[in-house]
Amino acid sequence: MNPSTYKKLVSTAFTTDFRKAAEVVETPFLEPGPGEVVVKNVYAGVNATDVNITAGRYDPGASPPFDLGAEAVGVIAAVGSAVTHVKEDDAVVTFNLGGGYREYNLLPARHAIPIAEPSPVALTVVVSGLTASIALDVLGRMGQDETVLITAAAGGTGQYAVQLAKRAGNHVVGTCGTPEKAEFLQSLGCDRVINYRQENVKQVLRDEYPDGIDLIYESVGGALFDTCVRALALRGRLIIIGFISEYVEGPQPVRQPRIYAHLLMKSASLCAFFLPHFSTYYREHARHLFQLIDEGKLHVAIDPTEFHGLDAVTDAVEYLHSGQSIGKIVVRL
Ligand SMILES: NC(=O)c1ccc[n+]([C@@H]2O[C@H](COP(=O)([O-])OP(=O)(O)OC[C@H]3O[C@@H](n4cnc5c(N)ncnc54)[C@H](OP(=O)(O)O)[C@@H]3O)[C@@H](O)[C@H]2O)c1
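Right, let's walk through the structure included here. (Residues numbered from 1 in each chain as written. Predicted model: local features only at pLDDT ≥ 70, side-chain atom pairs only at ≥ 80, totals over all residues. Heavy atoms only, no water.)

## Structural notes on the site of the ligand
Part 1 of the argument: As a matter of local geometry, the ligand sits amid 27 residues, with Gly177, Tyr196, Tyr247, Phe273 and Leu275 nearest to it.
Part 2 of the argument: With respect to the ligand, the backbone of Phe273 contributes an N or O atom lying 2.7 Å from a nitrogen atom.
Part 3 of the argument: In isolation the ligand has 910 Å² of accessible area, and contact with the protein removes 88% of it.
Part 4 of the argument: Mapped onto the shell around the ligand, the elements with two or more residues apiece are helix 3 (120-139) and helix 10 (313-321).
Part 5 of the argument: Taken together, the residues that form the shell around the ligand break down as 14 nonpolar, 12 polar and one charged. (Near = heavy atom within 4 Å. Polar contact = N/O pair within 3.5 Å; in protein donor to acceptor, adjacent residues only side chain to side chain. Areas by Shrake-Rupley, 256 points an atom, 1.4 Å probe, with all protein chains shown as cover. Helix = DSSP H or I, 4+ residues; strand = E, 2+ residues; numbered from the N terminus. Nonpolar A, V, L, I, M, F, W, Y, C, P; charged D, E, K, R; others polar.)

## Let's talk about unusual backbone geometry
Part 1 of the argument: Cis geometry is found at the peptide bond from Pro64 to Pro65, where omega equals 0°.
Part 2 of the argument: Structurally, Pro65 can be placed in the loop between helix 2 (50-54) and strand 4 (66-67).
Part 3 of the argument: We note that Arg235 has phi near 60°; this positive angle belongs to a residue other than glycine.
Part 4 of the argument: Relative accessible area serves as the criterion here: at 65%, Arg235 is assigned to the exposed category.
Part 5 of the argument: In the Ramachandran plot, Ser267 falls in the positive-phi region, its phi being about 45° despite a non-glycine side chain. (Buried < 20%, exposed > 50% of the residue type's maximum accessible area, 1.4 Å probe, protein only.)

## Regarding the sheet that holds strand 14 (residues 269-272)
Part 1 of the argument: Pairing is parallel across the open sheet formed by six strands, whose spatial order is 11-10-9-12-13-14. In this open sheet, the two strands that pair with only one neighbour each are strand 11 (192-195) and strand 14. In this sheet, neighbouring strand axes are inclined to one another by 15° on average, regardless of whether the strands run parallel or antiparallel.
Part 2 of the argument: Two elements, strand 9 (residues 147-150) and strand 12 (residues 213-218), share three bridges in a ladder whose sense is parallel. Each bridged residue has a counterpart across the sheet, and for Val148 the counterpart in strand 12 is Leu215.
Part 3 of the argument: Sheet strands touched by helix 7 (residues 222-231): strand 9, strand 10 (171-176), strand 12, strand 13 (232-240) and strand 14. Its angle to strand 13, the strand with the most contacts, is close to 150°. (Pairing = 2+ DSSP bridges. Axes fitted to C-alpha atoms, helices over the stretch in contact; angles between N-to-C directions. Contact = heavy atoms within 4.5 Å.)

## Looking at the pattern of salt bridges
Part 1 of the argument: Summed over all chains, the structure comprises 12 salt bridges.
Part 2 of the argument: A salt bridge links Arg19 to Asp315; the nearest nitrogen and oxygen atoms lie 2.8 Å apart. Here Asp315 lies in helix 10 and Arg19 lies in helix 1 (residues 18-21), a separation of 296 residues in the sequence.
Part 3 of the argument: By relative accessible area, which is 44% here, Arg19 ends up partly exposed.
Part 4 of the argument: We note a salt bridge from Asp90 to Lys87, for which the minimum N-O separation is 3.0 Å. (Salt bridge = Lys/Arg side-chain N within 4 Å of Asp/Glu carboxyl O.)

## Comments concerning the pairing of strand 12
Part 1 of the argument: When you tally the buried positions in strand 12, you get six out of six residues, the bulk of the element.
Part 2 of the argument: Following the chain from strand 12 across helix 7 to the adjacent parallel strand 13, one finds a crossover that is right-handed. (Right-handed = clockwise from strand over helix to strand, strands pointing away.)

## Re the sheet that holds strand 4
Part 1 of the argument: Taking strand neighbours across the sheet as the criterion, the three strands line up as 2-1-4 in an open arrangement whose pairing is antiparallel. With partners counted over all chains shown, the strands left at the sheet margins are strand 2 (22-28) and strand 4, one partner each.
Part 2 of the argument: Looking at chain direction, strand 1 (residues 5-11) and strand 2 are connected through seven bridges and run antiparallel. Bridge pairing in strand 2 places Ser11 opposite Ala22.

## Considering the packing of aromatic side chains
Part 1 of the argument: Under the definition given, this model contains 11 aromatic pairs.
Part 2 of the argument: When the centroid spacing of 6.4 Å and the interplanar angle of 80° are considered together, the rings of Tyr6 and Phe29 count as edge-to-face. With a gap of 23 residues between them, Tyr6 in strand 1 and Phe29 in the loop between strand 2 and strand 3 (36-45) connect regions that are remote in the sequence.
Part 3 of the argument: Relative to Phe278, the ring of Phe273 lies with its centre 4.5 Å away and its plane at 25°, an arrangement referred to as stacked. Just as Phe273 is buried, Phe278 falls in that class too.
Part 4 of the argument: Counting every residue linked through ring pairs, the aromatic cluster contains Tyr6, Phe29 and Tyr104. (Phe/Tyr/Trp six-rings, centres within 6.5 Å; stacked < 30°, edge-to-face > 60°.)

What follows is the structure, given as C-alpha cells:
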C-alpha cells in the first residue's frame, strides 16, 4: 500500500550553501501515467555537484523551490500502463535530476534500469561509473601503454577512472589528500600515488614524467588544473570533469597567458565532459560496468560513514566537500 504523501528535499534558495538551501517538504504521491513508474528509493547517491544544483547552475530557468538529488536505487512501487520491462517490487537504478533525495520517484519507465538488488554499489554505476567510462573512452580516446593522471582519484568517480585506466593497460598516476586515500589507491593498483598535502604535484610530474602525461581526468580545478595543463605530453588530452575546488565560491578570475600558449606547441587538447550530453552511450557502458562488477574485476568502494534519511543529506554533502571521504557517499532513505 503506497502512502498518500511522502517526503522530498527541495532547494529553497539559489546558493552553494547546501544547508541554507535544503528543506524537507511533504508532497502528494502521484500515480504513474502511461509509460511511467514510481520507485520507492532505498539509497541515493551524493555528488560534488549537489552544491551547483542548489545554486541553480543546472537549470538557470528554474526558480526555487526545486527538487534535489540525482541517482538512486530502489524498488518499483507502482507501474503505469504500457510498461513491460519492470513490475512491482523489481529492483531498479534511476538517474534523473531531482530524483534522488526523495522517498518516492515518479519517472518515465525507460529511465528505470532493472538490477539484481537495490545496493549502493549498483547506484555508483549510473553517475560515477558512466562518467569515468564514457569520458575516458569517447573524449579521452584511451588506449594502452600511456600515462594517465586522475585527480581526486580516491573519490566516487575517481576510483572508477583509476581502475578503468589500469585495466586498459596504462601507467596510472592518482592524486589525493590523505594517507588513507593513498593506501586505498595503491590497493586499486595505482602506479604512482601523489598525496598533494605531502608532495608537490608539479615537482613530482616534472621529475618523474619528463615526457609528460598523455591523458588527464581532471576534477579539482584551480591550481591543480593549471599544473595538469602544463604537464601534458605531446598530443596529450585533458578532460575537464569538474572543478570542485571552485564550486562553493564560484570560478575565480586568473591573470596569466591564454591557454593556447600551453597547448599549441604540444598539439595538446582540452575537452570538457558533462554526462547528460552523452546519454546515447549509457546503455553500452552501463552494461559493461555491471559485468565487470559482477565478475569481480571492478571494486567499488562505498564510504563507510552512514547517513540515514533526508535530514542527513546535508551532512553527507558537507562531508563530501570536507575532502575526507573515500569512494562513493550514499544516503539510506
Ligand atoms: N562532468 C560530469 O558529468 C561529472 C559527473 C560526475 C562527477 N563529476 C565531477 O567529478 C568530481 C568528483 O565528484 P564526486 O561526486 O565523485 O566527488 P568525490 O571525488 O567523491 O569527492 C570530492 C573529492 O574532491 C577532492 N578535492 C580536491 N580539492 C577539493 C576542494 N577544494 N574541496 C573539496 N574537495 C576537493 C577531495 O579528494 P582529495 O582531497 O583526496 O583530492 C574530495 O574527496 C567533481 O568535480 C564532480 O563535479 C563530473
